[in-house]
Amino acid sequence: AQKITQTQPGMFVQEKEAVTLDCTYDTSDPSYGLFWYKQPSSGEMIFLIYQGSYDQQNATEGRYSLNFQKARKSANLVISASQLGDSAMYFCAMREGDNQGGKLIFGQGTELSVKP
Amino acid sequence: EPEVTQTPSHQVTQMGQEVILRCVPISNHLYFYWYRQILGQKVEFLVSFYNNEISEKSEIFDDQFSVERPDGSNFTLKIRSTKLEDSAMYFCASSEEAAGREDTQYFGPGTRLTVL
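Residues numbered from 1 in each chain as written. Chains lettered and ligands numbered in written order. Predicted model: local features only at pLDDT ≥ 70, side-chain atom pairs only at ≥ 80, totals over all residues. Heavy atoms only, no water.

To continue, consider the overall build of chain B. The helix and strand tally for chain B stands at 0 helices and 11 strands. The order of helices and strands in chain B, counted from the N terminus, is β-β-β-β-β-β-β-β-β-β-β. Considered along the principal axes of its C-alpha atoms, chain B spans approximately 40 × 25 × 25 Å. Counting every position in chain B, which comprises 116 residues, the buried fraction comes to 44%. (Helix = DSSP H or I, 4+ residues; strand = E, 2+ residues; numbered from the N terminus. Buried < 20%, exposed > 50% of the residue type's maximum accessible area, 1.4 Å probe, protein only.)

Here it is as structure tokens:
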């Protein structure tokens with residue numbers, strides 16, 4: 001079974017609108033971390049936002065917020081006020097367990113296109 | 001802002017040749033990782049490294065692969081005898097020795113390896 005599932009291969013959004021990128025995860029470990037990364041066409045992986053499994057509040061970083069629904073095992077990324085520069089691949093990833101230095105497990109990614 | 005650097009940005013090699021991919025992690029980070037991304041696919045974990053030894057490795061990381069921290073700043077991935085299927089983007093990442101958000105892995109810009 002997939003540990004991280006991103007069901008939207010591609011998404012379109014109008015500039016200045018908000019968009020939600022879906023991510024569901026599967027783990028039996030009570031402690032885990034969820035991450036979102038952005039990969040522009042240039043190829044680098046840029047860290048966006050982190051949510052810990054024990055965090056009581058949804059994470060926010062500027063225009064990025066994470067809609068964390070633990071019971072549903074979902075960690076959707078919300079980008080507010082989309083900009084043309086937001087066009088990129090977005091990857092959801094999970095680190096299981098409390099161990100530092102644990103590997104990241106990535107989803108297949110969602111390609112976001114922002115229309116002017 | 002400190003960042004992970006990788007050299008070269010692009011490496012072309014003949015099948016059967018050895019390649020060494022180089023990385024300079026963020027200076028106060030203690031955990032180091034290699035991931036790869038075959039074109040159009042998700043990012044896959046290869047190996048993690050801490051305290052001068054491998055912490056974890058994936059099934060992909062077979063005897064053809066090795067990692068080394070030859071000095072206080074560099075972290076290398078060696079592929080002894082490259083195969084066509086080794087063609088991919090290779091990412092180095094590093095993280096601090098701390099729990100929670102501080103365990104975020106920061107990625108380098110990647111080395112695109114092409115095996116002919």
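This part covers the state of the cysteines. Residues and elements named next belong to chain B. On inspection of all chains with the given rule, the structure shows 2 disulfides over all chains. Through a disulfide, C23 is tied to C92; the S-S separation comes to 1.9 Å. Every disulfide takes its handedness from the sign of the S-S torsion; for C23 and C92 that torsion is -60°, giving left-handed. On the criterion of sequence distance, the pair formed by C23 in strand β3 (residues 19-24) and C92 in strand β9 (residues 88-95) is long-range, its members being 69 residues apart. (Disulfide = S-S within 2.5 Å.)

A few words on the interface of chain B and chain A. In this assembly, 24 residues from chain B lie in contact with 21 residues from chain A. For the pairing of chain B and chain A, the buried interface totals around 1900 Å² over both sides, and the portion due to carbon and sulfur atoms is 54%. Taken together, chain B and chain A are joined by 2 salt bridges. Between B:E56 and A:K103 there is a salt bridge, with the nearest N and O atoms lying 3.4 Å from each other. (Contact = heavy atoms within 4.5 Å. Buried area = accessible area lost by both parts, 1.4 Å probe. Salt bridge = Lys/Arg side-chain N within 4 Å of Asp/Glu carboxyl O.)

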